[in-house]
Amino acid sequence: MSTMTEERLQGSSRAALRAEKKAITVGVAGNPNSGKSTIINAIAGTRLHVGNWPGVTVEKKSAIFEYGGRKIRIVDLPGTYSLSPYTQEEIIARDYLIHEKPDVILNVVDATNLERNLYLTVQVMELGIPTVVALNIYDEAEKRGHTINRRVMEDMLGVKVIPTVATKKIGLDDLLKSLLEVAENPSAHCPKHLNYGDDIESAAKMLETQIGLTPLAEKYPPRWLAFKLMEGDSQVSGEIKPDDSGLSVSKAVGHLKTAHDSDIESIMADARYAQAFGLTREVLQKTESGNIELTERIDRIVLNRVLGIPIFLAAMWFVFKLTFDVSKPFADWMSAMTAGPFKGWAEAILGLIRAPGWTVSLVTDGVMAGVGSVLVFVPVIFAMMFFITFLEGSGYMARAAFVMDRAMHTIGLHGKSFIPMLLGFGCNVPAIYATRTLENPKDKALTALLVPLMSCGARLPVYVVFIGAFFSAHAGTVLWSLYVMGIVLAIIVGICFKKTLFKGEAPMFIMELPPYRRPSFKSLMIHTWEKGKHFLIKAGTYILAVSILIWFLLNLPWGVENKKDSYLGKVGQIIAPVLEPIGFGNWEAASSLISGVIAKEIVVGTMGEIYVAKPEDEKKNPSTFSEDLKEVGTSFVHAAEDSAANVFSTVGISSLSSKEDEKRAGLKAVIQKTYTPLSAYAFVAFVLLYMPCVVVAIAMRQEFGTWKWFGIAFVYQMTLAWGVAFLIYHGGKLLGIGG
Amino acid sequence: MNLSMLKCGEKGKITKIGAIGPLKRRLMDMGVLVGEEVKMEKVAPLGDPIEVIIKNYKLSLRKKEAEEIQLEAIK
Ligand SMILES: Nc1nc2c(ncn2[C@@H]2O[C@H](COP(=O)(O)OP(=O)(O)OP(=O)(O)O)[C@@H](O)[C@H]2O)c(=O)[nH]1
Ligand SMILES: [Mg+2]
């Protein structure tokens, strides 16, 4: 059994652990995409996020498990190419290694890419902490005709070297045994001092001696500290102020600089690479396998100058389409069930216990409607997460970023931002979560801010009602114009934000393109579930709370007859004048828009409630429980059939539902009286732009850990929505269109 | 000449890295060093970024970044 824990093992709990029998702490360091998280998942039974692209893990995560009677606490760190202090990932990883001093470092090395990975190993060894090296992805190395002599490597490094294949759980037992052995007898497994050449060594020796005389020797590994001071490492210099400690750094490096005519950082990098190169030459044997690799063949097509973009767009369209076609029947089923049988059952149960009328309404119109609106998202979210997981696992994600970088760069974004934006058309919520693939916080924030401008599926019902009422002759064009409006505004807003909020150097784009890999079905399922679960729990609770709130607002004070007098109606009346200049200054519109914060499609529902008198309690033939149950079952089977059928016929927008209930027809008639075509268009544009829904807000909060970005999105979107609606309404009037 | 000027399939040997600060350090950390051999592999469909092979792995970077890397052509 393993438990995921936060980094809170301090003070009393740490003492308690020590008292029992001290848990062994293992810090896992290595290059991005070398399989660190996969190894931990395999040995500790965790479900850490893995993906076949560099930069999946962005924060440290720890897990505790038992092996050989000992408790082992293993800490997953973000992948890094070195231990310099330039990226967020590097800072997290090295801060952990230096300040929290794990008992053992597990250095995961990608065996297919030995030399570059050993460059990090060499740096890890400078820390002087007992280390075990895992030569992971050994299967692919062998396939390429590489063999690595681990015995020689162990001799040269002075630490244990274990070949592993994390995905197939090969070598992991050896690895665990070694970790235990090293923890029992740490001094025997301390890495050797690698000789960086006389010039560097003598300078380092001089500093090391000085450091030995200060308390710093307790806090930092002396050799490592000496190197960092020589390099002028900004973070270290900031922390210890070498001059105050009486360390004469410039004296130590003076000779080095003149002798090499270069900056110390480059001299050090060269020296470390020389070690990595030397090691590789000694231990790696290659027999060229003449055949062209699979990756090569796929990339020749996928990254082709002519076909690259069309293939990319087609792939994305396909994913997008498939997501919705597969999930749509289930989503429909979910909403039909919550509105039908489930509601009926709730009413029946509440009737049985003689609950007062208002509770029935609260449960069915408030709670169940709220739960229903979450459930409706579930199939879409899971379908989407499945495809994202697949794209991540295959290695195409990095290619997508490569293909789209140029286009995204013009609006200040990174190639990887394209994926969240595209997902946004389906549903903004998974799109916000998908921003996780962006390692740079600036890119991530800007992408998340622009995602809500992608017109999501929930806005479609609103468009459908209004377009049906006014523009049925040009429905397609008007609908298309709304999607395009969102995209064009995203470009404009992106450029504006880049010039203001996100000023400064565009982040660099230096990325490794990993080989393609086939994700295993099991891991696909696990990671799809992990992503979906996350959404279910958090969004579920919030959406429920807001739905209940809206119900109260629409039904308080007690016994309101006219919705105009309910709290929601009253707030609507207060807000209405603000909407006056943009063409729909009535309380009905205002109240509906407020309720739309839950999910934009609710705008239509509330309008129905407000505009159209409740149909006289049409007593449906009361159905029996077993009939209902049968209905639930058969309709689910139909949904599954439809979904399967849709996989094969992914053309045509199925979402424009043809079945229209009477309420909607009534609503159309009322809308036609209250709106002009112009104000109707202004209204739908407003709905497109006005604010992210509650679930998106929560997603933003979760991803960024603060409400700040939601706040910014809220303010800019409100302003934008009002401005655009104003332009449409008055511009149209001036031009004399549809006034 | 610099790395962004290579044509697909051409190779060069790095003579100088002009970049400074984090960009230079990042390039070095990823194996872009003086004396190293690079091969231009692909150019993205929109003309930027590029993909090169260095130290036996595929690295992609923008042309702007590649311009900082000076080379001499090798046959
Ligand atoms: N063939 C093969 N693939 C592996 C092996 N170990 C991991 N992988 C794959 O390598 C990819 C990267 O694995 P991750 O565990 O996410 O790598 P990581 O080191 O945690 O990466 P970052 O979090 O980005 O630093 C995934 O696609 C894994 O399925 C292995 O032993 N053999
Ligand atoms: Mg990871």
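Rules behind the numbers
Residues numbered from 1 in each chain as written. Chains lettered and ligands numbered in written order. Predicted model: local features only at pLDDT ≥ 70, side-chain atom pairs only at ≥ 80, totals over all residues. Heavy atoms only, no water. Helix = DSSP H or I, 4+ residues; strand = E, 2+ residues; numbered from the N terminus. Rg over C-alpha atoms; globule rule 2.2 N^0.38 Å. Contact = heavy atoms within 4.5 Å. Areas by Shrake-Rupley, 256 points an atom, 1.4 Å probe, with all protein chains shown as cover. Buried area = accessible area lost by both parts, 1.4 Å probe. Salt bridge = Lys/Arg side-chain N within 4 Å of Asp/Glu carboxyl O. Nonpolar A, V, L, I, M, F, W, Y, C, P; charged D, E, K, R; others polar. Pairing = 2+ DSSP bridges. Buried < 20%, exposed > 50% of the residue type's maximum accessible area, 1.4 Å probe, protein only. UniProt positions renumbered as here; feature names shortened; annotations may be inferred. Donors = N, O, S within 2.8 Å, 3.2 Å for Na, K, Ca; no water. 1 Å grid on protein atoms, 1.4 Å probe; cavity = no way out; pocket = protein on both sides within 12 Å on 5 of 7 lines; lining within 4 Å. Points joined across faces, edges and corners; volume = space filled by probe spheres on them. Phe/Tyr/Trp six-rings, centres within 6.5 Å; stacked < 30°, edge-to-face > 60°. Lys NZ or Arg CZ within 6 Å of the ring centre and 35° of its normal. pLDDT = per-residue confidence, 0-100. Near = heavy atom within 4 Å. Polar contact = N/O pair within 3.5 Å; in protein donor to acceptor, adjacent residues only side chain to side chain. Axes fitted to C-alpha atoms, helices over the stretch in contact; angles between N-to-C directions. Domains from an automatic or database assignment.

### Considering the overall build of chain B
Thought 1: What chain B contains, in helices and strands, is two helices and five strands.
Thought 2: Reading the helices (α) and strands (β) of chain B from amino to carboxyl end gives β-α-β-β-β-α-β.
Thought 3: Here the C-alpha atoms of chain B give a radius of gyration of 11 Å, agreeing with the 11 Å that 2.2 N^0.38 yields for 75 residues.
Thought 4: Dimensions of chain B, computed from the C-alpha atoms along their principal axes, are close to 30 × 25 × 20 Å.
Thought 5: Taking all contacts inside chain B whose residues are at least 6 apart in sequence as the whole, residues at least 24 apart take part in 57%.
Thought 6: Total accessible area on chain B stands at roughly 3,100 Å², and carbon and sulfur atoms take up 52% of it.

### Focus on the interface of chain A and chain B
Thought 1: Each partner contributes residues to the interface: chain A has 45 residues there, and chain B has 31 residues.
Thought 2: Interface area, chain A with chain B, both sides summed: about 3,500 Å², of which 57% is carbon and sulfur.
Thought 3: Here B:Arg62 and A:Asp405 are joined by a salt bridge, their closest N and O atoms 2.6 Å apart.
Thought 4: Where the side of chain A that touches chain B is concerned, the elements lending two or more residues are helix H4 (114-125), helix H13 (264-283), helix H14 (294-302), helix H15 (308-339), helix H18 (396-410) and strand S10 (510-512) of chain A.
Thought 5: When its residues are assigned to classes, the side of chain A that touches chain B shows 17 nonpolar, 11 polar and 17 charged.
Thought 6: In this structure, S10(A) lies alongside strand S4 (residues 57-61) of chain B, joined through three bridges in antiparallel fashion. When the sheet's bridge partners are listed, A:Ile510 is paired in S4(B) with B:Leu61.

### Quick word on helix H26 (residues 587-595) of chain A
Thought 1: Across the nine residues of H26(A), eight count as buried, placing the element largely inside the fold.
Thought 2: Regarding H26(A), the residues found buried are A:Trp587, A:Glu588, A:Ala589, A:Ala590, A:Ser591, A:Ser592, A:Leu593 and A:Ser595.

### With respect to the UniProt feature "domain: Ferrous iron transporter FeoA-like" (unreviewed entry) in chain B
Thought 1: In the numbering used here, UniProt assigns the "domain: Ferrous iron transporter FeoA-like" (unreviewed entry) feature to residues 1-73 of chain B.
Thought 2: Structurally, residues 1-73 of chain B is divided into 18% helix and 40% strand, and its ends, taken at the C-alpha atoms, are 8 Å apart.

### Regarding the coordination of the magnesium ion (ligand 2)
Residues and elements named next belong to chain A.
Thought 1: Taken together, Ser-37 (OG) and Thr-57 (OG1) make up the full set of protein donors to the magnesium ion (ligand 2), lying 1.9 to 2.1 Å away. With a gap of 20 residues between them, Ser-37 in helix H2 (residues 36-44) and Thr-57 in the loop between H2 and strand S3 (61-67) connect regions that are remote in the sequence.
Thought 2: The buried category is assigned to Ser-37, whose relative accessible area is 8%.

### With respect to empty space enclosed by the protein
All names here are of chain A.
Thought 1: Taken as a whole and judged by the stated rule, the model has six cavities of 30 Å³ or more.
Thought 2: A volume near 70 Å³ is recorded for the largest cavity.
Thought 3: As for the largest cavity, its lining consists of 12 residues, and the residues nearest its centre are Asn-428, Cys-456, Arg-459, Cys-693 and Val-696.
Thought 4: Classifying every residue of the lining of the largest cavity by side-chain character gives nine nonpolar, one polar and two charged.

### Things to note about the packing of aromatic side chains
Thought 1: Enumeration over the complete set of coordinates arrives at 21 aromatic pairs over all chains.
Thought 2: Taking 4.0 Å as the distance between ring centres and 5° as the angle between the ring planes, the aromatic pair formed by A:Tyr119 and A:Tyr273 counts as stacked. Here the residue A:Tyr119 occupies a position in helix H4, and A:Tyr273 occupies one in helix H13, the gap between them amounting to 154 residues. With respect to burial, A:Tyr119 and A:Tyr273 carry one shared label: buried.
Thought 3: Taken together, a centroid distance of 6.5 Å and an interplanar angle of 80° make the contact between A:Tyr463 and A:Tyr483 edge-to-face. Of this pair, A:Tyr463 sits in helix H22 (residues 460-470) while A:Tyr483 sits in helix H23 (residues 475-499), and the two are 20 residues apart along the sequence.
Thought 4: Each residue in the set A:Phe466, A:Phe584, A:Tyr675, A:Phe683, A:Phe686 and A:Tyr690 is aromatic and connected to the rest through ring pairs, giving one cluster.
Thought 5: Against the face of B:Tyr57 rests A:Arg116, its NZ or CZ located 4.2 Å from the ring centre.
Thought 6: Just above the ring of A:Phe704 sits the side chain of A:Lys444; from NZ or CZ to the centre is 5.2 Å.

### Focus on the confidence of the model for chain A
All names here are of chain A.
Thought 1: Overall, the prediction assigns chain A a mean pLDDT of 82, with 89% of residues at 70 or greater.
Thought 2: Contacts for the low-pLDDT stretch residues 1-13, under 50 throughout, to residues beyond four places or in other chains number 27 contacts.
Thought 3: Contacts for the low-pLDDT stretch residues 614-620, under 50 throughout, to residues beyond four places or in other chains number one contact.

### Some points on the UniProt feature "transmembrane region" (unreviewed entry) in chain A
Residues and elements named next belong to chain A.
Thought 1: Here the UniProt feature "transmembrane region" (unreviewed entry) sits at residues 302-320, 367-391, 446-471, 477-497, 535-554, 680-700 and 707-729.
Thought 2: For the annotated span residues 446-471, helix accounts for 62% and strand for 0% of the residues, and the straight-line distance between the end C-alpha atoms is 35 Å.
Thought 3: The span residues 680-700 is 81% helix and 0% strand, and its two end C-alpha atoms sit 30 Å from each other.

### Considerations on the site of ligand 1
Residues and elements named next belong to chain A.
Thought 1: Taken together, 25 residues lie near ligand 1, and Lys-36, Ser-37, Thr-38, Val-56 and Thr-57 sit nearest.
Thought 2: The contact in question runs from an oxygen atom of ligand 1 to an N or O atom on the backbone of Asn-33, over 3.0 Å.
Thought 3: Contact distances for ligand 1 include 2.8 Å between an oxygen atom and a side-chain N or O atom of Ser-37.
Thought 4: When ligand 1 is considered free in solution it has 660 Å² of accessible area, and contact with the protein chains removes 94% of it.
Thought 5: For the shell around ligand 1, the elements supplying multiple residues, two or more each, are H2 and helix H5 (138-143).
Thought 6: For the shell around ligand 1, the per-class residue count stands at eight nonpolar, 13 polar and four charged.

### Details of the pairing of S4(B)
All names here are of chain B.
Thought 1: Buried residues dominate S4, accounting for five of its five residues.
Thought 2: Of the two faces of S4, the one lined by Tyr-57, Leu-59 and Leu-61 and the one lined by Lys-58 and Ser-60 are each fully buried.
Thought 3: Both strand S3 (residues 50-54) and S4 contribute to a ladder of five bridges, which runs antiparallel. Considered in S4, the bridge of Val-52 is made with Leu-59.
Thought 4: As consecutive antiparallel partners, S3 and S4 are separated by two residues, and within that stretch Lys-55 has a phi angle of approximately 45°, a positive value.

### Regarding the sheet that holds S3(B)
Thought 1: Spatial ordering of the open sheet is given by S10(A)-S4(B)-S3(B)-S2(B)-S1(B)-S5(B), a layout of six strands whose pairing is antiparallel. Edge positions in the sheet fall to S10 of chain A together with strand S5 (69-74) of chain B, since each of these pairs with one other strand and no more. The sheet shows a mean angle of 40° between the axes of neighbouring strands, taken without regard to direction.
Thought 2: Bridge count for strand S2 (residues 37-43) of chain B against S3(B) is five bridges, and the pairing is antiparallel. Looking at S3(B), one finds that B:Lys39 is bridged to B:Ile53.

### Observations concerning the domain arrangement of chain A
Residues and elements named next belong to chain A.
Thought 1: With domains assigned, chain A is organised as domain 1 (20-189), domain 2 (198-286) and domain 3 (311-735).
Thought 2: Of note, the centres of domain 1 and domain 3, computed from C-alpha atoms alone, are 42 Å apart.
Thought 3: Listed by partner, the interface residues are 18 residues for domain 1 and 20 residues for domain 3.
Thought 4: Contact between domain 1 and domain 3 buries roughly 1,600 Å² in total, counting both sides, with carbon and sulfur atoms accounting for 48%.
Thought 5: The largest per-residue losses of area from domain 1 upon contact with domain 3 belong to Arg-47, Asn-52 and Trp-53, which jointly make up 43% of the total buried on that side.
Thought 6: Between domain 1 and domain 3 we count three salt bridges in total.
Thought 7: For Arg-116, the salt bridge is made with Glu-512, and the minimal N-O distance between the two is 3.2 Å.
Thought 8: Summed over the shared surface of domain 1 and domain 3, the number is nine residue pairs in polar contact (both at pLDDT 80 or more).

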